[in-house]
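Fold and contact review
Read off the chains here:
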Amino acid sequence: MATVETNHYGAPTEIKAIEVINAYELEDAAREIVPKGGFDYISGASGDEFTLRQNNEVWNKKGIVPRVMADVENPDTATSIFGHDIKVPFIMAPIAAHGLAHETKEAGTAKGVSEFGTIMSISAYSGASFHEIEEGLKGSPRWFQIYMSKDDELNKNILDEAKADGATAIILTADATLSGNRHRDERNKFVYPFGMPIVSRYLTGTGKNMSLNNIYAQSKQKIAPADVKFISEYSGLPVFVKGVQSAEDALLAIGAGAAGIWVSNHGGRQLDGAPGSFATLEEISKAVAGRVPIVFDSGVRRGEHIFKALASGADIVALGRPVLYGLALGGWKGVQSVLEYFERDLKRVMQLAGTQTIEDVKKARLVDIK
């Protein structure tokens, strides 16, 4: 796999399998080797980072009921979505600028995801091209996440390229029409140390040496239901609306033609003071009522978290920061190690909770913890 040049930035370069005891410790380890500006961009959030903390803390408000004599052994984590059979109910979330974590950029993440065997979500704000990412994926399934241009002809060009690359679903991120109030980036005067090949066609510049505020300003801010309809009809692919945090928005998205709802608060990186993402999932799931699949992300660090999300209405869970920390620590092999950790951890939780299959997990009972 080709190494992608990151110039002066100094991203980690090592490729090795890593030991994962728990995903929280990955952040501390990555802090030691990722340049400060890049690490703060990956790990940081908006404002006082209240919502980032809520994403971690809200899991403790629901408890998993242990079950005994459940006749369970070797739990089966396999599931499917939009025709893809995957061995686990989790995928890679779309995240910008993987080159901040490792010199192989998204190509490294893609190889780790492909070797493990799940779905890769490619961000429009990727620092690598579709061709470079395909070097890692080698035909494995991928979804494409779009930050729209203000020019629909350019959006058509991007969607055409994503389809030609093999994308089987489009993810419309709707909660990032401008950057959150990210103090760490402001203090660091952070700019991207490399370009963004996919969206550079509508940027003044390539993305290199540009701030996130500048890049968002050149993307489309006025996201409306008509955009969901446009993407769905033009691409012919199922469309997720990502960033949903209310039942009202879930129903609005479905009414506009969304084929899936993506419950997320952008990892606490947008509106600070919002609840933890998991706190909104159950209400949204009840409103969706099985009409379309639900993907969940934000704050997932343990097998218990995946279990609780599935038991609260999610069909698939998307992993974000822990995978990038794995990329930083070991390149594609580090990514694979992190995904294998989550698989082991989920199977352990499933057995202790008396659930043999993912459908059993979805029917599991959680209890409120005061």
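The sections below set out a description of the structure shown in this document. (Residues numbered from 1 in each chain as written. Predicted model: local features only at pLDDT ≥ 70, side-chain atom pairs only at ≥ 80, totals over all residues. Heavy atoms only, no water.)

Turning to the side chain of Asp185, a few remarks are in order. Structurally, Asp185 is set in helix 7 (residues 183-188). Buried and without a salt bridge, Asp185 has Arg182 as its closest oppositely charged side chain, separated by 4.7 Å. (Helix = DSSP H or I, 4+ residues; strand = E, 2+ residues; numbered from the N terminus. Buried < 20%, exposed > 50% of the residue type's maximum accessible area, 1.4 Å probe, protein only. Lys, Arg positive; Asp, Glu negative; His and termini not counted. Salt bridge = Lys/Arg side-chain N within 4 Å of Asp/Glu carboxyl O.)

Before going further, it helps to spend a moment on the pattern of salt bridges. If you walk through the whole model with that rule in mind, you get 22 salt bridges. Arg142 is the salt-bridge partner of Asp165, the closest N and O atoms lying 3.0 Å from each other. Pair noted here: Asp165 is in helix 6 (residues 152-165) and Arg142 is in strand 6 (residues 142-146), with a separation of 23 residues, a long-range link. Connected through salt bridges with shared partners, the residues Lys36, Asp40, Glu49 and Arg184 form a single ionic network.

Relative orientation of the contacting elements helix 2 (residues 36-43) and helix 13 (residues 321-352) amounts to 155°, with a least axis distance of 10 Å. The orientation of helix 2 relative to helix 13 falls into the category roughly antiparallel. On the side of helix 2, the interface is formed by Phe39, Ile42 and Ser43, while helix 13 contributes Arg321, Leu324 and Tyr325. Class assignment of the residues belonging to the contact of helix 2 with helix 13 gives a composition of four nonpolar, one polar and one charged. (Axes fitted to C-alpha atoms, helices over the stretch in contact; angles between N-to-C directions. Parallel < 35°, antiparallel > 145°, perpendicular 65-115°, else oblique. Contact = heavy atoms within 4.5 Å. Nonpolar A, V, L, I, M, F, W, Y, C, P; charged D, E, K, R; others polar.)

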